[in-house]
Amino acid sequence: MADGDTVKMKLTFPRGTQKPGDLVEVPAAEVHRWKGFAKPVDTPKPSGQSTTPTAAASDKTTKPAAKA
């Protein structure tokens, strides 16, 4: 691992002036020491689908049948 590898973690227990829910950056090699005090934050992975409204609207190729 490189020296600059860090993991973002969310505190589950007060630590000094920080409160539960605060984000901290922990060296990747030290994550095991934070067990019980913080949980890793999942970073969202980009999906292949577009999130723009126009692209989402154009993805709909069929319309429901009109009721008579």
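Residues numbered from 1 in each chain as written. Predicted model: local features only at pLDDT ≥ 70, side-chain atom pairs only at ≥ 80, totals over all residues. Heavy atoms only, no water.

In the sheet, strand β1 (residues 6-11) pairs with strand β2 (residues 23-27) via five bridges, with the strands oriented antiparallel. Within the sheet, the bridge partner assigned to K8 lies in β2 and is E25. (Pairing = 2+ DSSP bridges. Helix = DSSP H or I, 4+ residues; strand = E, 2+ residues; numbered from the N terminus.)

This part covers the nonpolar core. One broad trend across soluble globular proteins is that nonpolar side chains are buried collectively. The biggest cluster of nonpolar side chains holds six residues, and these are M9, L11, V24, V26, W34 and A38. Secondary-structure elements contributing two or more residues to this core are β1 and β2. (Core = buried A, V, L, I, M, F, W, Y, C linked by side-chain atoms within 4.5 Å. Buried < 20%, exposed > 50% of the residue type's maximum accessible area, 1.4 Å probe, protein only.)

Attention now moves to the sheet that holds β1. Strands pair in a sheet through their backbones, by hydrogen bonds, and they do so in one of two ways: parallel or antiparallel. Spatial strand order, β2-β1-β3: three strands in an open sheet with antiparallel pairing. Each of the sheet's edge strands pairs with one partner strand only, and the pair in question is β2 and β3 (38-40). Between one strand axis and the next, the sheet turns through 45° on average, direction left out of account. (Axes fitted to C-alpha atoms, helices over the stretch in contact; angles between N-to-C directions.)

This next bit is on the pattern of salt bridges. Any two side chains of opposite charge can pair, on the condition that their charged atoms come close. Evaluation of the coordinates by the stated rule reveals one salt bridge. Measuring nitrogen to oxygen at the nearest pair gives 3.0 Å for the salt bridge that ties R33 to E30. Relative accessible area serves as the criterion here: at 27%, E30 is assigned to the partly exposed category. (Salt bridge = Lys/Arg side-chain N within 4 Å of Asp/Glu carboxyl O.)

Turning next to the packing of aromatic side chains. The tally for this structure, following the rule as stated, stands at one aromatic pair. On the basis of an interplanar angle of 80° and a centroid distance of 5.6 Å, the ring pair of F13 and F37 is categorised as edge-to-face. Of this pair, F13 sits in the loop between β1 and β2 while F37 sits in the loop between β2 and β3, placing them 24 residues apart in sequence. When its relative accessible area of 46% is taken as the criterion, F13 is described as partly exposed. (Phe/Tyr/Trp six-rings, centres within 6.5 Å; stacked < 30°, edge-to-face > 60°.)

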